Amino acid sequence: MGVKEHLDVNGANHLTLHRVDLVSLCEKFGTPLFVFDEASLAENFERFRKAFESVYPKVMVCYSVKTNNNLAVCKILRERGAYAEVSSGLDLHIALKAGFSGEHIIFDGPFKPVEILEEAVKSGVLLINCESFAELERLNIVAERLGVKQPVGLRVNPFKPPSFFRSLHPKTLLEEAAFCFAGCRFGLSLGEIREAFKRLKSLKHLRLECLMTHPYYRAVDVLMPLFREAVENFGFEIKYLNIGGGFDPGTSGSTGDLLLALDYVKRRIGLKSSLDRRKPVKNIEDVAKAIVENVKHQLGSLPTPGLMAEPGRFIAGPSALLLLRVDHVKVAGGFKWIMVDGGTNILPSFYERRELLVANNVSVSERELVNVVGPLLYPKDFIAIKAFAPRVKEGDLLAVLDCGAYSLSSSTQFLYPRPPAVLINSQGRVQLIRERETYEDVLAKDRLI
Ligand SMILES: Cc1ncc(COP(=O)(O)O)c(C=O)c1O
């Protein structure tokens, strides 16, 4: 799935997408350049939807707008029937501008000040998924002021502190304990949910219609007992179960501090690296089937709720590549460094292990261990760390696959204006979907005093 399926090579040994020569594209638009494949976006969305719709009667695929908030990307997904999951005032604005109607928008997120809640209620969003008692009280006041009975969901957080011994595992220490198990702050804890049910009975301007959690792995086991309780003991008419996101497209791998450190040790003692060994990812059809079987199994005689999911990376991630120019190659500290013209300013996820191709010399067969790094003055400005990549030289064009998620929406103007993005359709039509920023764009809101 993804842009890779539609790539080819032409007679000049250049990479093409739907017959568009990507080297010529860079001559026209410059680098760095994001290239989106409309067919991949549509295919990934359709595949996700069909995976669930083929096994369940009521499915709503709520595209997670923050993953890639480009207007054209959002519009393409809206036209195919996606709902939008938004998690800020900006996200909401973008979704509305991309043509989503309020009834096709659900609002998530741990931070919703009064003004944002007002905007959401006024826009007629389908649901606001609440994450705290404070938010419920606040939203009730807003809904009363605006004269509506607002449909809401409750986000459940199934976090349980790990046992003492599990918390000493290096992975837990490095990735969770070091940051206070930061994920525990999202939503209401299992212990708080019943209290929230009670509270909602007295909040007259809210109507509980949804139970949600994120990510999807444990969603059904977490949500189903609460669904039963909400319906049978509290008399709520719960219309939707929302299983969140977390759907891995499986097209690129990822690593972490611990694995990177272990890799260093392994290489020093002459062992082979395992950084590029990918954990196999279950295909989405099997994931959907397992989720739905579990829902049906636990549903019994309860009314069938609509099933919502909030995929982001699955749809947007594999749908784009990033073209970068190799500025120069250098050797330092015993490593080879490929210096390119874009780094974590435009592609912040340096743990990802993405496939690299040389767009102007696709058939190059020699591979070597390199670090591909951007232009920032920041030691961790990695596009690819310890990657076994095709050999490149100064001036080459590097194509980095799987760059559609958390790139356009997460890029910054740190040291460089943000790059452009184009969309190519299956007929080879190229459309600019984000213009290259100029220095003056970066300064547009500054005032000289
Ligand atoms: C609440 C929520 N929903 C959906 C998503 C999208 O997740 P993914 O892109 O992994 O499917 C996220 C991402 O962090 C999220 O926080």
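Predicted, not measured: the structure shown is a model, and the values here were computed from it.

Conventions used here
- Residues numbered from 1 in each chain as written.
- Predicted model: local features only at pLDDT ≥ 70, side-chain atom pairs only at ≥ 80, totals over all residues.
- Helix = DSSP H or I, 4+ residues; strand = E, 2+ residues; numbered from the N terminus.
- Near = placed C-beta within 6 Å.
- Nonpolar A, V, L, I, M, F, W, Y, C, P; charged D, E, K, R; others polar.
- Core = buried A, V, L, I, M, F, W, Y, C linked by C-beta atoms within 7 Å.
- Buried ≥ 20, exposed ≤ 12 C-beta atoms within 10 Å, placed from the backbone.
- Domains from an automatic or database assignment.
- Contact = placed C-beta atoms within 7 Å.
- Pairing = 2+ DSSP bridges.
- Expected span 1.5 Å × (residues − 1).
- Right-handed = clockwise from strand over helix to strand, strands pointing away.

**A closer look at unusual backbone geometry**
Argument step 1. Residue P32 follows T31 across a cis peptide bond; omega there is -10°.
Argument step 2. Relative to the helices and strands, P32 is located in the loop between α1 (22–29) and β4 (33–37).
Argument step 3. Between H214 and P215 the backbone carries a cis peptide bond, its omega angle lying at 0°.
Argument step 4. Its place among the elements puts P215 in the loop between β11 (206–212) and α10 (219–232).

**A look at the site of the ligand**
Argument step 1. Taken together, 14 residues lie around the ligand, and S64, G245, E310, G312 and R313 are the ones closest in.
Argument step 2. Partitioned by chemical class, the residues of the shell around the ligand number 3 nonpolar, 7 polar and 4 charged.

**Re the nonpolar core**
Argument step 1. Residues V35, A84, I105, L211, L323, L398 and A399 are the most contacted members of the largest nonpolar core, which totals 121 residues.
Argument step 2. In terms of residue count, α10 provides more of this core than any other element does, 7 residues in total.
Argument step 3. Counting residues domain by domain, this core receives three or more from each of domain 1 (3–37 + 317–443) and domain 2 (39–169 + 181–252 + 281–314).
Argument step 4. Not counting chain neighbours up to four residues away, the residues in contact with I105 comprise Y83, A84, V86, L92, A95, F100, S123, V125 and L126.

**A few points about the sheet that holds strand β3 (residues 20–21)**
Argument step 1. Read across the sheet, 3 strands follow the order β1-β2-β3 without closing on themselves; strand pairing throughout is antiparallel. Both edges of this open sheet fall to β1 (7–9) and β3, since each of them pairs with a single strand only.
Argument step 2. Bridge analysis of strand β2 (residues 15–17) against β3 gives 2 bridges, and the strand direction is antiparallel. Across the sheet, T16 pairs through a bridge with D21, a residue of β3.

**Quick word on α10**
Argument step 1. Its 14 residues give α10 an end-to-end C-alpha distance of 20 Å, which sits within 8% of 20 Å, the value for a rise of 1.5 Å per residue.
Argument step 2. Every buried residue of α10 is accounted for by A219, V220, L223, M224, L226, F227 and A230.
Argument step 3. Contact partners of the buried residues in α10: β9 (150–157), α9 (190–202), β11, β12 (240–242) and α12 (284–299).

**Comments concerning the domain arrangement of the chain**
Argument step 1. According to the domain assignment, the chain contains domain 1 (3–37 + 317–443) and domain 2 (39–169 + 181–252 + 281–314).
Argument step 2. Each of domain 1 and domain 2 was reduced to a C-alpha centroid, and the two centroids are 33 Å apart.
Argument step 3. Facing 22 residues of domain 1, the contacting portion of domain 2 comprises 17 residues.
Argument step 4. If you list the elements that add at least two residues to the side of domain 1 that touches domain 2, you get β4, β17 (352–353), β22 (421–424) and β23 (430–434).
Argument step 5. Considering only residue class, the side of domain 1 that touches domain 2 consists of 9 nonpolar, 6 polar and 7 charged.

**A short note on the pairing of strand β5 (residues 59–64)**
Argument step 1. Within β5, 5 of the 6 residues are buried, which leaves it mostly tucked inside the rest of the structure.
Argument step 2. The pairing of β5 with strand β14 (residues 306–309) spans 3 bridges and is parallel. Bridging across to β14, V59 finds its partner in L307.
Argument step 3. When β5 meets strand β6 (residues 83–86), the two strands line up parallel, connected through 3 bridges. Looking across to β6, one finds that C62 is bridged to Y83.
Argument step 4. In this fold, β5 hands off to helix α3 (residues 71–79), which returns the chain to β6; that crossover is right-handed.

**Thoughts on the pairing of strand β19 (residues 367–373)**
Argument step 1. Bridge analysis of strand β16 (residues 335–340) against β19 gives 3 bridges, and the strand direction is parallel. Across the sheet, M339 pairs through a bridge with V373, a residue of β19.
Argument step 2. Examined bridge by bridge, β19 and strand β20 (residues 382–390) share 6 bridges and lie antiparallel to one another. If you follow V373 over to β20, its bridge partner there is F382.

**Thoughts on helix α6 (residues 133–146)**
Argument step 1. Taking 1.5 Å of rise per residue, 14 residues should cover 20 Å, and α6 covers 20 Å from first to last C-alpha, within 8% of that figure.
Argument step 2. Here α6 has its buried residues at E135, L136, L139, N140, V142 and A143.
Argument step 3. Positive phi shows up at G147, right after α6, with a value of about 70°.

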